[in-house]
Amino acid sequence: MSTKEPSKNTLKTVWRSFASSSVWRWFQKAIILIIFSLVANHLAASDNFLDSATYRFPTVGFLFTIVFFIVVGIIAELNFKFYKKKYFSKKVEIATIIRFIASTLGYFTIIYIPVNIILEIVLDGEIQFYYTLIGLVISLLICFILIGLLYAKDLHNLYKVSIKDAEIIIDSGAKVTKLTYENIACFYSANKIVYTVQNNGTTINTDFTLNELEETINDQLFFRANRQIIIHKDTVDLIEKIENGKLRIRLKSFIKNDAISEINISRYKRKAFMDWFQ
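Residues numbered from 1 in each chain as written. Predicted model: local features only at pLDDT ≥ 70, side-chain atom pairs only at ≥ 80, totals over all residues. Heavy atoms only, no water.

## Remarks on the layout of surface pockets
Rule in force here: Here a cavity is any set of points on a 1 Å grid over the protein atoms alone where a 1.4 Å probe fits but cannot get out, and a pocket is any open set with protein on both sides within 12 Å along at least 5 of 7 lines; a residue lines the site when it has an atom within 4 Å of a point. Grid points are joined across faces, edges and corners, and a volume is the space filled by probe spheres set on the points. Runs of E in the DSSP output that reach at least two residues are strands. Runs of H or I that reach at least four are helices, and both are numbered from the N terminus. In this classification, Asp, Glu, Lys and Arg are treated as charged, Ala, Val, Leu, Ile, Met, Phe, Trp, Tyr, Cys and Pro as nonpolar, and every other residue, Gly included, as polar.
There is about 650 Å³ of room inside the largest pocket. Residue assignment for the lining of the largest pocket shows that the elements contributing at least two residues are α2 (22-44), α3 (59-88), α4 (94-124) and α5 (129-165). Grouping the constituent residues of the lining of the largest pocket by class yields 16 nonpolar, five polar and no charged.

## Section: the pattern of salt bridges
Heads up, the rule is: Salt bridge criterion: a side-chain nitrogen from Lys or Arg within 4 Å of a carboxyl oxygen from Asp or Glu. Only protein chains enter the accessibility calculation, which uses a 1.4 Å probe; a residue whose area is less than 20% of its type maximum is buried, one above 50% is exposed, and one in between is partly exposed.
In the structure shown here, the tally under the stated rule is seven salt bridges. Arg224 serves as the salt-bridge partner of Glu214, at 2.9 Å between the closest nitrogen and oxygen. Of this pair, Glu214 sits in helix α6 (residues 210-216) while Arg224 is found in strand β6 (residues 222-224), placing the two residues ten residues apart along the sequence. A relative accessible area of 14% means that Arg224 is categorised as buried.

## Focus on the sheet that holds strand β7 (residues 229-232)
What counts, and what does not: A strand pair is defined by DSSP finding two or more bridges across the two strands. Working convention: axes come from line fits to C-alpha atoms, limited for helices to the stretch in contact. Angles between N-to-C directions cover 0 to 180 degrees. Contacts: residue pairs with any heavy atoms within 4.5 Å of one another.
Sheet architecture is open: five strands sit in the order β5-β4-β3-β7-β6, paired in antiparallel fashion. Single-partner strands in this sheet number two, and they are β5 (203-206) and β6. Each strand of the sheet is rotated relative to its neighbour by a mean of 20°, with strand direction disregarded. With three bridges connecting them, strand β3 (residues 184-190) and β7 associate as antiparallel partners. Within the sheet, the bridge partner assigned to Cys186 lies in β7 and is Ile231. Its contacts with the sheet put helix α8 (residues 270-277) on β6 and β7, and the angle it makes with β6 is roughly 175°.

## Section: a nonpolar patch on the surface
Put simply, the rule reads: Patch building starts from residues that exceed 30% relative accessible area and form no salt bridge, then joins like charges within 9 Å and nonpolar side chains (Val, Leu, Ile, Met, Phe, Trp, Tyr) within 5 Å. The Shrake-Rupley method, run with a 1.4 Å probe, gives the accessible areas here. Residue values count only the displayed protein chains as cover.
On the surface, a cluster of nonpolar side chains totalling about 820 Å² of accessible area is made up of Tyr107, Ile110, Ile111, Val115, Ile118, Leu119, Val122 and Leu123. By relative accessible area, Ile118 is classed as exposed at 52%.

## Some details on the nonpolar core
Short version of the rule: Among buried residues, the Ala, Val, Leu, Ile, Met, Phe, Trp, Tyr and Cys ones that are joined through side-chain atoms within 4.5 Å form a nonpolar core.
Within the largest apolar cluster, 26 residues are counted, with the highest numbers of intra-cluster contacts made by Phe80, Phe88, Phe100, Phe108, Ile147 and Tyr151. Looking at this core, the elements that each hand over two or more residues are α2, α3, α4 and α5. It is α3 that contributes the most residues to this core, nine residues altogether. If we ignore the near neighbours within four places in the chain, the residues touching Phe108 are Phe68, Val72, Ile75, Leu136, Ser139, Leu140 and Cys143. If you look at the next biggest cluster of nonpolar residues, it comprises 18 residues, including Cys186, Ala225, Ile265 and Trp276.

## Topic: the pairing of β3
Most of β3 sits out of view: five of its seven residues are buried. Where β3 meets strand β4 (residues 193-198), six bridges bridge the pair, whose relative direction is antiparallel. Across the sheet, residue Cys186 finds its bridge partner in β4, namely Val197. Linking β3 to β4, which pair antiparallel, is a turn of two residues; within it Asn191 sits at a positive phi near 55°.

## Section: unusual backbone geometry
Apart from glycine, the bulk of residues carry a negative phi angle, and the bulk of peptide bonds sit in the trans form. The phi dihedral of Asn191 is positive, around 55°, even though this residue is not glycine. Along the chain, the position of Asn191 falls in the loop between β3 and β4. You can call Asn191 exposed: its relative accessible area is 74%. Not every positive phi belongs to a glycine, and Asn244 is a case in point at roughly 60°. You can see Asn244 is positioned in the loop between β8 (236-241) and β9 (247-251). Owing to a relative accessible area of 60%, Asn244 belongs among the exposed residues under this scheme.

## With respect to the packing of aromatic side chains
Two aromatic rings, taken as a pair, are described by how far apart their centres are and by the angle between their planes. The test is simple: Note on aromatic pairs: the rings of Phe, Tyr and Trp (six-membered ring only in Trp) are paired at centre separations within 6.5 Å, and the planes decide the class, stacked below 30 degrees, edge-to-face beyond 60, tilted for the rest. Only lysine NZ and arginine CZ atoms are considered, and such an atom sits over a ring when it is within 6 Å of the ring centre and within 35 degrees of the ring normal.
The final tally for this structure, using the stated rule, is 22 aromatic pairs. Through a chain of ring-to-ring contacts, the aromatic side chains of Phe80, Phe82, Tyr83, Tyr87, Phe88, Phe100 and Tyr151 assemble into a single cluster. Directly above the aromatic system of Tyr151 lies the positively charged group of Lys29, at a separation of 4.0 Å from the ring centroid. The ring centre of Trp276 lies 5.3 Å from the NZ or CZ of Lys233, which sits over that ring.

Any functional reading would require information that these geometric values do not contain.
Now the structure itself:
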């Protein structure tokens with residue numbers, strides 16, 4: 001009886017556990033930081049080029065940039081946790097990513113300017129605003145690239161979760177059901193009770209209100225069509241233009257409830273709906 005296969009499976013299990021842990025995440029970021037510091041220092045001056053006859057390893061510059069990037073990393077991580085909790089857990093989009101990077105660079109600027117001024121006074125005895133500004137612009141460019149490298153994978157993983165793998169727990173009193181977004185066709189309200197319709201046609205009553213769901217679920221996938229219903233993008237079967245600039249939406253055939261199988265989108269929501277659906 002071979003023992004190789006169990007050993008391989010054990011190693012795979014250990015590796016997957018390690019790869020999904022926060023230790024591996026920080027190890028990856030540390031490697032990126034070190035490589036980025038090495039590249040930046042070797043490109044900073046011609047004497048630091050590897051093929052230079054006077055090449056010397058830029059020890060001081062390397063250590064300085066490591067400390068510099070650690071400070072940037074701390075600022076970025078704290079800001080990322082805030083954005084992850086408030087925005088990225090619900091939706092990951094370009095506009096939010098830009099705000100995350102811009103706000104991180106803004107916090108860095110607030111720290112950079114007074115620290116740089118103090119260092120200039122201590123070392124040179126005078127403030128040279130031109131060099132401070134140039135140094136700030138270069139530092140912001142470097143930080144922008146570094147933040148992109150550090151958080152590209154995290155943002156990609158969050159995007160995948162928010163679109164495909166995100167789950168919602170439906171508490172219907174006697175029964176608790178965990179559903180992924182992909183398995184939900186719509187939420188609708190009737191007689192002051194909110195129901196969840198699954199893709200197989202099954203209906204479950206919930207303890208949510210539609211307002212609570214609208215604040216919670218991913219609005220790249222779901223749209224609040226009116227006061228009675230929130231629909232999933234994949235549930236839309238047909239869109240018709242009707243009078244007064246309104247739209248009639250026909251949902252897919254597994255929606256057996258006649259009250260929600262066809263819904264109207266007001267002319268005020270028409271543009272928002274089309275932007276979302278496209």
